[in-house]
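Descriptive analysis of the structure
The lines below spell out each chain.
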Amino acid sequence: MLNISKTANFSPHTGKQTEFLKTTADWVFYGGARGGGKSFTLAWKAALTPRIWHYEYEGKTLRNSYVSTYRSEGKDVKTIVDKISIDYPDYVALLIRRTFPQLERNLKPECDKLYKLYDAIWQERNKCYLFPSGAKVYLVHLKDSKAKDNYIGGNYNFVGVDEANQFPESWILEIATSVRTDNKELKPQVCLTSNPGNVGHTWLKHRFVEKCPPIADGEKIYNEEYDIWYQPQKTGKPYVDNEGITRQFIPATVFDNPTLIKNDKKYVKQLKNLNPMLRAMWLEGRWDVFAGMFFDQWNIVHHVLSQGNFKYGKHFTEKTHTLYRAYDYGTKAPFVCLFAAVDRDENIIIFDEIVETGMSASQQVRHVNKYTKKKFGLKPRDFTNEISDPAYWAKTSEKKGTLYSPQLFYADAGIYLTKGNNDRKAGAKVMYEALRVDESGLPRLRFTDNCNYCIDTIPNLPSAENDPEDVDSSAEDHAYDSARYLCMELLPGVFDAEKEVKGWREKILTGEPNTATAGSWMSA
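Residues numbered from 1 in each chain as written. Predicted model: local features only at pLDDT ≥ 70, side-chain atom pairs only at ≥ 80, totals over all residues. Heavy atoms only, no water.

Per the secondary structure count, the protein chain includes 18 helices and 27 strands. Each of the 524 residues in the protein chain was classed as buried or not, and the buried ones make up 51%. A fraction of 68% describes how many contacts in the protein chain between residues 6 or more apart in sequence connect residues 24 or more apart. Carbon and sulfur atoms make up 48% of the accessible area of the protein chain, which amounts to about 25,300 Å² in all. (Helix = DSSP H or I, 4+ residues; strand = E, 2+ residues; numbered from the N terminus. Buried < 20%, exposed > 50% of the residue type's maximum accessible area, 1.4 Å probe, protein only. Contact = heavy atoms within 4.5 Å. Areas by Shrake-Rupley, 256 points an atom, 1.4 Å probe, with all protein chains shown as cover.)

In structure tokens, the structure reads:
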């Protein structure tokens, strides 16, 4: 059972920390500013969640139906916790970070504080805390997809992911399929913590922050000691999807952790002195900004135009513009088809998109043809070229006993694909140049405002961790890849793909001449 005397020195604070520990939503995201005590509360929730409890008044058990009445009358009704998660011999929890060094530096010390109070033994070989009941809490890393696959198909009552913004959404969803129970007292739960930023910023924002938006709690508060104004927030209502699965976003800031405010005043001052974007993310916990973007020149004013001002049949047709489609292949991951119109000056406007998951190649091509015919009245012959992910050429299926690649299924339906150039660094260079705003105030590449997936994901792509001249391939890069194949095909003069010149991004930002540019459209 939960022994308050044991944990008195490490008790969670009232407010957001306690709220996180109490919530029973199927999916919980505790995130926002740095310093909110997220790792500590995640360690607590993984092991010490109350499962069975009763109420007492003056030393006698009180029926549940009387509790609210007694408390409304000011009577001191006590909650007595009878069983917590680690009292169950079959309880198994998984606590995850991206790398094991991160676990050792950041999460394990928090676990050690709490778990040793309940006589847990750390098993180094198994990376596991073993409690006297037989309950287990594992600390694991998901450094890569191979590590992730070790935990698919397991049987866990609780999965907690610390710094979930370091993971692609698909990894977390796959791990979550292993969260289950055959004990009605152990409700399964997936809990995530994170700050804004990194590869998971966009999907966490869409899946939680936008579905369960926080509510301003009163007026802004001025903290005289730190000379900071901040807006307190209340947690919004849980979101319930079509399957009845609940999600909850609990916003956290450094001001939700009085222990840190009291004992490490310099930390708050460090956050305050960051550049405005990092300060907004890490001090204020805002999800509407994102530092570390690869395409740092993105501006909705320049790169997005109203669909109402660029409509097929009214503002352009295949007679005024050259039409293209560009594809990124996926089945479990999204398959993307972008529709592009190119004018005489080689300016590109992406005017529509198809984004689907769970489709085979034959289903994809049928959908593309049906969608294009119904919405635009166009057929494959109306498109000058269909530029695609080289993955379409992998022979992974059979048709009438013959090995078949996705591009052959497309060809059977009248769409003849052209293999795109998959030089990632050259493609990143071309895309960066294509999005750069010239003296006229317009970039070479723009999107209409109905292309939601492109507009959501491309601006939020981070640089690769060890290579600032490439996009992080573990991020949501499917729309970007489609656009990259298109730009590599249509703007070959922007970058000579045969030459690899380091430092191009810095040269663009500083205005230095780029020796890798051969016949750039910018100087034509």
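Right, picking up where we left off after that structure.
The nine strands lie next to each other as 6-7-8-5-9-10-1-16-15, forming an open sheet whose pairing is mixed. Each edge of the open sheet carries a strand with a single partner, namely strand 6 (121-123) and strand 15 (239-240). Alignment of strand 5 (residues 92-97) against strand 8 (residues 136-141), held across six bridges, turns out to be parallel. In the sheet register, Arg97 faces strand 8, and the bridge partner there is His141. Helix 3 (residues 38-48) contacts strand 1 (27-32), strand 5, strand 8, strand 9 (158-161) and strand 10 (189-194) of the sheet and is inclined by roughly 170° relative to strand 10. Those strands touched by helix 8 (residues 201-209) are strand 1, strand 10 and strand 16 (246-252), and its axis lies near 120° from that of strand 1. (Pairing = 2+ DSSP bridges. Axes fitted to C-alpha atoms, helices over the stretch in contact; angles between N-to-C directions.)

Looking now at the packing of aromatic side chains. With the rule as written, the count across this model stands at 30 aromatic pairs. With 4.9 Å between their ring centres and 85° between their planes, Tyr115 and Tyr129 make a pair best called edge-to-face. Here the residue Tyr115 occupies a position in helix 5 (residues 100-115), and Tyr129 occupies one in strand 7 (residues 128-130), the gap between them amounting to 14 residues. Tyr115 sits in the buried class, given a relative accessible area of 0%. Judged by its relative accessible area of 2%, Tyr129 is buried. An angle of 45° between the planes, with centres 6.1 Å apart, marks the rings of Phe339 and Tyr371 as tilted. Taken together, the residues Phe339 in strand 19 (residues 335-342) and Tyr371 in helix 13 (residues 361-376) connect sequence positions 32 residues apart. Its relative accessible area of 0% is what places Phe339 among the buried residues. Chaining the aromatic ring pairs together yields one cluster made of Phe310, Tyr312, Phe316, Phe339, Phe351, Tyr371, Phe376 and Phe383. Across from the ring centre of Phe20, 5.5 Å away, lies the NZ or CZ of Lys45, which sits over that ring. Here Lys211 stacks its cationic end above the ring of Tyr239, 5.7 Å away from the centre of that ring. (Phe/Tyr/Trp six-rings, centres within 6.5 Å; stacked < 30°, edge-to-face > 60°. Lys NZ or Arg CZ within 6 Å of the ring centre and 35° of its normal.)

What follows is about the sheet that holds strand 19. The strand order across the open sheet formed by seven strands is 17-25-20-19-18-21-24, and the pairing between neighbours is mixed. Across the chains shown, the open sheet's two edge strands, defined by having one partner strand only, are strand 17 (304-305) and strand 24 (418-419). In the packing of helix 13 onto the sheet, contacts are made with strand 18 (322-328), strand 19 and strand 20 (348-356), and the angle to strand 20 comes to roughly 130°. Sitting on the sheet, helix 17 (residues 478-490) is in contact with strand 18, strand 19, strand 20, strand 21 (385-388) and strand 25 (445-448), with an inclination near 135° to strand 18.

This next bit is on the pattern of salt bridges. Applying the stated criterion across every chain yields a total of 20 salt bridges. In this structure, Glu346 and Arg444 form a salt bridge, with 3.4 Å as the shortest nitrogen-oxygen distance. Pair noted here: Glu346 is in the loop between strand 19 and strand 20 and Arg444 is in the loop between helix 15 (424-434) and strand 25, with a separation of 98 residues, a long-range link. In this structure, Glu433 engages Arg436 in a salt bridge whose closest nitrogen and oxygen atoms are separated by 2.9 Å. The buried category is assigned to Glu433, whose relative accessible area is 4%. Salt bridges sharing partners connect three or more residues here, namely Arg424, Asp470, Asp477, Asp481 and Arg484. (Salt bridge = Lys/Arg side-chain N within 4 Å of Asp/Glu carboxyl O.)

A few words now on unusual backbone geometry. The phi angle at Glu58 is positive, at roughly 50°, despite the residue not being glycine. Mapped onto the secondary structure, Glu58 falls in the loop between strand 2 (50-57) and strand 3 (60-62). Classification of Glu58 as exposed rests on a relative accessible area of 67%.

On to the environment of Leu408. Tracing the chain through its elements places Leu408 in helix 14 (residues 406-412). Under the relative-accessibility criterion, Leu408 is labelled partly exposed at 25%. Residues Leu408 and Lys395, 13 residues apart in the sequence, show an inter-C-alpha distance of 9.1 Å.

Counting buried positions over the nine residues of strand 20 gives seven, a clear majority of the element. Note that strand 19 and strand 20 share eight bridges and pair antiparallel. Each residue of the ladder has a partner; that of Val342, found in strand 20, is Ile348. Between strand 19 and the antiparallel strand that follows it, strand 20, lie five residues; Glu346 among them carries a positive phi value of about 65°. Summarising the sheet, strand 20 and strand 25 pair through three bridges and their orientation is parallel. Among the inter-strand pairings, Ile349 is bridged to a residue of strand 25, identified as Arg446.

Nonpolar side chains in soluble globular proteins tend to be buried together. Residues Phe295, Ile348, Ile350, Leu445, Phe447, Ile458 and Leu486 are the most contacted members of the largest nonpolar core, which totals 40 residues. Put simply, the parts of the chain that give this core at least two residues each are strand 18, strand 19, strand 20, helix 15, strand 25, helix 16 (452-457) and helix 17. Among the elements that take part in this core, helix 17 stands out by supplying eight residues, more than any other. Core analysis: the second largest hydrophobic core is formed by 37 residues, Leu42, Tyr91, Tyr129 and Ala135 among them. (Core = buried A, V, L, I, M, F, W, Y, C linked by side-chain atoms within 4.5 Å.)

Let's shift gears to the confidence of the model for the protein chain. Low-pLDDT portions of the prediction should not be read for the details of their coordinates. In the predicted model, the protein chain carries a mean pLDDT of 85, and 85% of its residues have values of at least 70. Here residues 497-501 is a poorly scored stretch, pLDDT under 50, and it has nine contacts once near neighbours within four places are set aside; other chains count. Within the model, pLDDT remains below 50 along residues 507-524, and this stretch shows 30 contacts once partners closer than five positions in the same chain are excluded. (pLDDT = per-residue confidence, 0-100.)

Relative to the helices and strands, Asp481 is located in helix 17. For Asp481, a relative accessible area of 7% corresponds to the buried category. Those residues in contact with Asp481 that lie beyond four places of it in its chain are Asp328 and Arg424.

Once that is clear, we can look at the packing of helix 15 against helix 17. In contact at an axis separation of 9 Å, helix 15 and helix 17 are set at 85° when each is read in the N-to-C sense. Our classification of the angle between helix 15 and helix 17 gives roughly perpendicular. Residues Arg424, Ala426, Gly427, Ala428, Val430, Met431 and Ala434 of helix 15 touch helix 17, and the partners they reach there are Tyr480, Asp481, Ala483, Arg484, Cys487 and Met488. (Parallel < 35°, antiparallel > 145°, perpendicular 65-115°, else oblique.)

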